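Observations on chain architecture
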Amino acid sequence: MNYEEKEIKERFGQVNPFRVPDGYFDQLTERVMSQLPEREQTAEHVSLSSSRPKSRLVALRPWMYAAACTVAAVFMGVALYFHQTKEEQTLANADVNASASTTNTESQYIDEYADYVMLDNAEIYAYLADNDF
């Protein structure tokens, strides 16, 4: 309860100054019905929709909703496809860069190993030919 409400309750109390006359709601429906204009009651079918024809825009509304949903789904699919393609290209470029650096590193180690073992290219080729790699 905020300050203003508390001050009003302290100043004026909890008493409600408004009163409804006795029996007011007992006869309310009869008074309201008596004030309505008279109309013939017919037994014809009352439809929930209006009797005037629908405009073309209202008639096409479900088709427009379906078309909008289809366009949104296609747009999201294309965006997702290109996003994944972009990620795959980025990963492929990273793999190419990694394999190039790995190749450089491997050839450096092979050269160091060949120097350590004192093998020349002819001996390496002969070794590879014997093992049928």
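Residues numbered from 1 in each chain as written. Predicted model: local features only at pLDDT ≥ 70, side-chain atom pairs only at ≥ 80, totals over all residues. Heavy atoms only, no water.

1. Looking at the overall build of the chain
Counting its secondary structure elements, the chain contains four helices and zero strands. Within the chain, the fraction of its 133 residues that count as buried is 1%. For the chain, the accessible surface area stands at approximately 13,700 Å², while carbon and sulfur atoms represent 59% of it. (Helix = DSSP H or I, 4+ residues; strand = E, 2+ residues; numbered from the N terminus. Buried < 20%, exposed > 50% of the residue type's maximum accessible area, 1.4 Å probe, protein only. Areas by Shrake-Rupley, 256 points an atom, 1.4 Å probe, with all protein chains shown as cover.)

2. Remarks on a negative patch on the surface
Together, E4, E5, E7 and E10 line one region of the surface with negative charge. Note on placement: E5 falls in helix α1 (residues 3–12). (Patch = residues over 30% accessible without salt bridge, like charges linked within 9 Å, V, L, I, M, F, W, Y side chains within 5 Å. Salt bridge = Lys/Arg side-chain N within 4 Å of Asp/Glu carboxyl O. Lys, Arg positive; Asp, Glu negative; His and termini not counted. Charge placed at Lys NZ, Arg CZ, Asp CG, Glu CD.)

3. Regarding the packing of aromatic side chains
With the rule as written, the count across this model stands at two aromatic pairs. Here Y81 and F82 contribute two aromatic rings whose centre-to-centre distance is 5.4 Å and whose plane-to-plane angle is 65°, an arrangement assigned as edge-to-face. Of the two residues examined, Y81 and F82, each falls in the exposed class. (Phe/Tyr/Trp six-rings, centres within 6.5 Å; stacked < 30°, edge-to-face > 60°.)

4. Overview of the confidence of the model for the chain
It should be kept in mind that the predicted coordinates are not to be read in detail where pLDDT is low. Per-residue pLDDT for the chain averages 78, and the proportion of residues at 70 or more is 77%. Here helix α4 (residues 121–131) is the element of the chain with the lowest mean pLDDT, 77, and helix α2 (residues 28–35) is the one with the highest, 88. (pLDDT = per-residue confidence, 0-100.)

5. Section: a nonpolar patch on the surface
On the surface, a nonpolar cluster with roughly 470 Å² of combined accessible area is contributed by L57, L60, W63 and M64. Residue position: M64 is located in helix α3 (residues 56–117). M64 gets classed as partly exposed once you look at its relative accessible area, which sits at 41%.

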